[in-house]
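A look at the structure
The lines below spell out each chain.
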Amino acid sequence: ILSLVHGLIGYSPHNVFWLNVLLTFCLFLLLHYFVARIAGHRCGLFSQLAWAGLPLVGMSTTSGGYEIMNLGWILVLGLSSLHYLNTDGSRGLNLMIASSVILANCRYESIVYTLIPVGLVAIKIGRERRLSLTSFAALSPLFLLFPLMSNRIFYSNEAFFQTDKGSFFGWDFFVSNL
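Source: prediction; values computed, not measured.

Digging into the overall build of the protein chain
Along its length, the protein chain carries 9 helices and 0 strands. Across the protein chain, helices and strands are ordered from the amino to the carboxyl terminus as α-α-α-α-α-α-α-α-α. Its C-alpha atoms give the protein chain principal-axis dimensions of roughly 50 × 45 × 40 Å. Evaluated residue by residue, the protein chain yields a buried proportion of 32% over its 178 residues. Here the contacts in the protein chain between residues at least 6 apart in sequence split such that 61% fall between residues at least 24 apart. As displayed, the protein chain has an accessible area near 11900 Å², and 70% of this comes from carbon and sulfur atoms. The average position of the 10 basic charges and that of the 7 acidic charges among the side chains of the protein chain differ by 16 Å.

This is the structure:
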């Protein structure tokens with residue numbers, strides 16, 4: 001997305017920050033729509049106020065990272081999952097799978113979210129007592145090769161690590177973080 005912004009308005013190091021501000025606006029619209037579909041308009045507004053009060057959201061908005069985009073795609077996956085579960089057959093399946101694949105490509109740890117469509121398809125098969133998959137759903141695991149390969153390259157090259165591989169999360173830090 002950033003390359004499109006650079007192409008449209010010209011290169012500037014500040015474009016990434018403006019893009020995150022725009023993505024945060026979209027994130028809050030998605031948040032309201034998602035929560036309002038589940039719990040009503042007032043809860044949607046309250047969820048926006050609650051998220052606006054989180055310091056981490058403000059910090060991520062003004063950073064150059066992918067956190068806001070990642071949260072947005074998580075909400076898109078949630079909305080498409082609701083749509084898929086509330087319709088008959090395979091309607092909405094392609095959108096749900098496409099959003100999970102895009103989310104998996106957003107950040108390397110987001111590939112875990114691809115388990116959500118697998119579980120929801122299993123739930124729907126159990127509920128409807130028939131299998132209804134599309135050709136896109138059958139081919140979608142091929143699109144996961146890119147994040148898996150980049151993750152493999154990342155973990156196999158010591159130059160990408162600032163610490164040793166085993167010390168990211170561990171019990172060694174538990175006592176010092178209390």
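A short note on helix 7 (residues 115-128)
Under the 1.5 Å per step criterion, the end-to-end length of helix 7 is 20 Å for 14 residues, consistent within 8% with the ideal 20 Å. The complete set of buried residues in helix 7 reads Pro117, Leu120, Val121 and Lys124. On an axial view of helix 7, the arc spanned by its buried residues comes to 105 degrees, and they lie on one face. Pointing more than 90 degrees away from the buried face of helix 7 are the exposed residues Leu115 and Val118. On its buried face, helix 7 sits against helix 5 (67-85) and helix 6 (93-106). Looking at the residues trailing helix 7, positive phi occurs at Arg129, about 60 degrees.

Details of the environment of Leu120
Along the chain, the position of Leu120 falls in helix 7. Its relative accessible area of 13% is what places Leu120 among the buried residues. Separated by 85 residues in the primary sequence, Leu120 and Val35 have C-alpha atoms spaced 19 Å apart. Beyond its immediate sequence surroundings of up to four residues, Leu120 is in contact with Ser81, Tyr84, Leu85 and Met96.

A word on the environment of Phe160
Its place among the elements puts Phe160 in the segment after helix 9 (145-156). For Phe160, a relative accessible area of 45% puts it in the partly exposed group. Among all residues touching Phe160, those that are not within four sequence positions of it are Ile153 and Phe154.

Quick notes on helix 2 (residues 15-39)
When the terminal C-alpha atoms of helix 2 are compared, their 36 Å separation across 25 residues agrees well with the 36 Å that a helix rising 1.5 Å per residue should span. Buried within helix 2 are the following residues: Asn15, Val16, Leu19, Asn20, Leu23, Thr24, Leu27, Phe28, Leu31, His32, Phe34 and Val35. Residue Gly40 follows helix 2 closely and has a positive phi angle near 110 degrees.

Section: the side chain of Thr134
As for its position among the elements, Thr134 is in the loop between helix 7 and helix 8 (135-139). Among the residues examined, Thr134 registers a relative accessible area of 18% and is labelled buried. A polar atom in the side chain of Thr134 sits 2.5 Å from the side chain of Asn94. Beyond its immediate chain neighbours, meaning those up to four positions away, Thr134 contacts Ser90, Leu93 and Asn94.

Remarks on the packing of helix 6 against helix 7
Close contact between helix 6 and helix 7 brings their axes to 9 Å; oriented N to C, the two are set at 155 degrees. It follows that helix 6 is roughly antiparallel to helix 7 by the angle criterion. For the pair helix 6 and helix 7, the contacting residues are Leu93, Met96, Ile97 and Ser100 in the first and Pro117, Leu120 and Val121 in the second. Residue classes in the contact of helix 6 with helix 7 are distributed as 6 nonpolar, 1 polar and no charged.

Cut-offs and rules
- Residue numbers run consecutively from 1 along every chain, following the written order of its sequence.
- Totals for whole chains, interfaces and linings use every residue, but because this is a predicted model, local features are given only for residues with pLDDT of at least 70 and side-chain atom pairs only at 80 or more, for both listing and counting.
- Side-chain measures here rest on the full set of heavy atoms in the structure, leaving out hydrogens and waters.
- Secondary structure elements are defined from DSSP: runs of H or I of at least 4 residues count as helices, runs of E of at least 2 residues count as strands, and each element is numbered from the N terminus.
- Whether a residue is buried, partly exposed or exposed follows from its accessible area with a 1.4 Å probe, protein chains only, as a fraction of its type maximum: under 20%, in between, or over 50%, in that order.
- Pairs of residues are marked as contacts when any of their non-hydrogen atoms sit within 4.5 Å.
- Residue-level accessible areas treat just the shown protein chains as cover; the underlying method is Shrake-Rupley with a 1.4 Å probe.
- Charge counting treats Lys and Arg as positive and Asp and Glu as negative, with His and both chain ends excluded.
- Where a charge sits is defined by one atom per residue type, namely NZ (Lys), CZ (Arg), CG (Asp) or CD (Glu).
- Here the expected length of a helix is defined as 1.5 Å per residue gap, with one fewer gap than residues.
- Directions from the helix axis toward the C-beta atoms define the arc.
- Polar contacts here mean pairs of N or O atoms no more than 3.5 Å apart (in protein, one a potential hydrogen donor and the other a potential acceptor; neighbouring residues in sequence count only if both atoms are side-chain atoms).
- Note on geometry: axes are C-alpha line fits, over the in-contact stretch for helices, and angles between N-to-C directions span 0 to 180 degrees.
- Under this scheme an angle from 65 to 115 degrees is roughly perpendicular, one under 35 degrees roughly parallel, and one over 145 degrees roughly antiparallel; angles in between are oblique.
- Residue classes follow a fixed rule: Ala, Val, Leu, Ile, Met, Phe, Trp, Tyr, Cys and Pro count as nonpolar, while Asp, Glu, Lys and Arg count as charged, and any other residue, Gly among them, counts as polar.

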